[in-house]
Amino acid sequence: MRRRLLVAVALFALFASAARAQNLTQAEEVPYIRTPQVVVDKMLDLAEVGPDDFLIDLGSGDGRIVITAAQKRGAQGFGVELDASLVEASNEAARKAGVAGRAQFFVRDLFETDIREASVLTMYLLSSVNLQLRPRILAQLKPGTRVVSHDWDMGEWKPDAKAVLEGLAKPVMPIQASTVYL
């Protein structure tokens, strides 16, 4: 398992190096990989998301985390994403799910997004991006805010909980598992 994780990290590093060579910003280096619904559910379970929560998803992709939190948990929140077509599709999905009043999506740089309102912060980013976000997390989030990351930890910050979901194929990673960190 450790060897497969090292290979996955090497693949992401290779992708990031190629992106830097094309003069992309750090935020643009994170590839969009759809989070499986079972992982979304586990992320929300670990964070114990409920109707009193405001969830912010950094790099929200297709919006499924915020939409699921609103639809199944009664929470509200928003997601930020650089890809305008994903944001448009996410807002449309929220409308179709009947939660557009509680789940919104914006084209924004995650490093410029105000996260102070969050009681739950979710992300599926690269470890290097997670580490760059740590100062903002410490500066902006209130004590007790739950931070949940899919696949990438927060460096020397030890998780309060961790779950491994086996048998989940990923298009750019050879490992067949997802790890969720709280």
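Residues numbered from 1 in each chain as written. Predicted model: local features only at pLDDT ≥ 70, side-chain atom pairs only at ≥ 80, totals over all residues. Heavy atoms only, no water.

A. Region of the structure containing the layout of surface pockets. Quantified by volume, the largest pocket comes out at close to 380 Å³. Lining the largest pocket are 19 residues, and of these T145, V147, W157, D160 and L182 sit closest to its centre. In terms of residue count, the dominant contributor to the lining of the largest pocket is strand β5 (residues 146-150) (4 residues). Its residues assigned to classes, the lining of the largest pocket shows 11 nonpolar, 3 polar and 5 charged. (1 Å grid on protein atoms, 1.4 Å probe; cavity = no way out; pocket = protein on both sides within 12 Å on 5 of 7 lines; lining within 4 Å. Points joined across faces, edges and corners; volume = space filled by probe spheres on them. Helix = DSSP H or I, 4+ residues; strand = E, 2+ residues; numbered from the N terminus. Nonpolar A, V, L, I, M, F, W, Y, C, P; charged D, E, K, R; others polar.)

B. The packing of helix α2 (residues 37-46) against helix α3 (residues 64-73), seen in detail. One way to put it is that α2 packs onto α3 with a least axis distance of 10 Å and a crossing angle of 65 degrees. For the pair α2 and α3, the sense of crossing is right-handed. Residues Q37, V40, D41, M43, L44 and D45 of α2 form the contact with α3, whose own contacting residues are R64, I65, T68, A69, K72 and R73. Within the contact of α2 with α3, the residues separate by chemical class into 5 nonpolar, 2 polar and 5 charged. (Axes fitted to C-alpha atoms, helices over the stretch in contact; angles between N-to-C directions. Left-handed = near helix turned anticlockwise from the far one by under 90°. Contact = heavy atoms within 4.5 Å.)

C. Looking closely at the sheet that holds strand β3 (residues 103-107). If you walk across this open sheet you meet the 7 strands as β3-β2-β1-β4-β5-β7-β6, and the pairing is mixed. The sheet is open, and its two borders are formed by β3 and β6 (162-166), each paired with just one other strand. Averaged over all adjacent pairs, the angle separating strand axes in this sheet is 15 degrees, with direction ignored. Pairing analysis gives 5 bridges linking strand β2 (residues 76-81) to β3, with the strands arranged parallel. In the sheet register, E81 faces β3, and the bridge partner there is V107. (Pairing = 2+ DSSP bridges.)

D. Quick peek at helix α4 (residues 84-96). Taking 1.5 Å as the rise per residue, α4 with 13 residues should run 18 Å; its terminal C-alpha atoms sit 18 Å apart, in good agreement. Along α4, the residues classified as buried are L86, V87, S90, N91 and A94. Taken end-on, α4 shows its buried residues confined to a sector of 135 degrees, consistent with a single buried face. Across from the buried face of α4, at angles greater than 90 degrees, the exposed residues are E88 and K96. Where α4 ends, the next residue or the one after it, G98, has phi of about 80 degrees, a positive value. (Expected span 1.5 Å × (residues − 1). Buried < 20%, exposed > 50% of the residue type's maximum accessible area, 1.4 Å probe, protein only. Arc of directions from axis to C-beta.)

E. Up close: the environment of L125. Following the sequence through the fold, L125 ends up in the loop between β4 (120-123) and α5 (127-140). Judged by its relative accessible area of 3%, L125 is buried. A sequence separation of 92 residues divides L125 from I33, and the C-alpha atoms of the two residues are 9.7 Å apart.

F. Local environment of unusual backbone geometry. Residue E48 is not a glycine yet carries a positive backbone phi of 50 degrees. Topologically, E48 is positioned in the loop between α2 and β1 (54-58). With phi around 70 degrees, D151 is a residue other than glycine that occupies positive phi space. Position of D151 among the secondary structure elements: in the loop between β5 and β6.

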